[in-house]
Amino acid sequence: MGLSGRERRLLAEIEQGLERDDPELARRVAAINKIESDGIDYPRAYSDRLRVWALTHVWIIFAVAGVVIVLLLLAVLTT
C-alpha cells in the first residue's frame, strides 16, 4: 500500500523539520527507514545462514568419513 501525494508531502515536511531540529534523530530515523524498506538484507542473511549450515554439515561428513577410513585401516592392519 503506497502513500498518496499529499501523504508524501506531509511526510517530507515532517522529515525536513526533524532534520532542522535534531539532526542526530533524523539520521537514526533514516537508518531505521532504510532497514525497514530494504528487502535485500533478509534473503542475504538467510543465504549466509544456509551456507554456514551447509559448510558445517559438509565438514562433519568429512570428519566422520575420515574416522571411518582410519578405523577401517586400523582394522585391516591389526588382522
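Residues numbered from 1 in each chain as written. Predicted model: local features only at pLDDT ≥ 70, side-chain atom pairs only at ≥ 80, totals over all residues. Heavy atoms only, no water.

**Some details on the overall build of the protein chain**
The secondary structure content of the protein chain amounts to 3 helices and 0 strands. Each helix (α) and strand (β) of the protein chain, taken in turn from the N terminus, gives the series α-α-α. Scored against the burial criterion, the 79 residues of the protein chain give a buried share of 3%. When the accessible surface of the protein chain is summed, it comes to about 7300 Å², and 69% of that surface belongs to carbon and sulfur atoms. (Helix = DSSP H or I, 4+ residues; strand = E, 2+ residues; numbered from the N terminus. Buried < 20%, exposed > 50% of the residue type's maximum accessible area, 1.4 Å probe, protein only. Areas by Shrake-Rupley, 256 points an atom, 1.4 Å probe, with all protein chains shown as cover.)

**Quick notes on the confidence of the model for the protein chain**
On average, residues of the protein chain carry a pLDDT of 82, and 87% of them reach 70 or more. For the protein chain, helix α2 (residues 23–37) is the element with the lowest average pLDDT, namely 78, and helix α3 (residues 41–78) is the one with the highest, namely 86. (pLDDT = per-residue confidence, 0-100.)

**Notes on the pattern of salt bridges**
For the structure shown, the criterion picks out 2 salt bridges. A salt bridge links Glu24 to Arg27, with the shortest nitrogen-to-oxygen separation between them at 2.9 Å. Remark: Arg27 and Glu24 occur in helix α2; sequence separation between them is 3 residues, near one turn of the helix. Note on Arg27: relative accessible area 52%, which makes it exposed. In this structure, Glu24 engages Arg28 in a salt bridge whose closest nitrogen and oxygen atoms are separated by 3.9 Å. With Glu24 and Arg28 both in helix α2 and 4 residues apart, the pair spans about one turn of that helix. What makes Arg28 partly exposed here is its relative accessible area of 45%. Each member of the salt-bridge network shares a partner with another, and the members are Glu24, Arg27 and Arg28. (Salt bridge = Lys/Arg side-chain N within 4 Å of Asp/Glu carboxyl O.)

**Quick look at the packing of aromatic side chains**
For the structure shown, the criterion picks out 1 aromatic pair. Where Trp59 meets Phe62, the ring centres are 6.0 Å apart and the plane angle is 75 degrees; that geometry is what we call edge-to-face. Linking Trp59 with Phe62, this pair stays in helix α3, spanning 3 residues, or about one helical turn. By relative accessible area, Trp59 is classed as exposed at 59%. (Phe/Tyr/Trp six-rings, centres within 6.5 Å; stacked < 30°, edge-to-face > 60°.)

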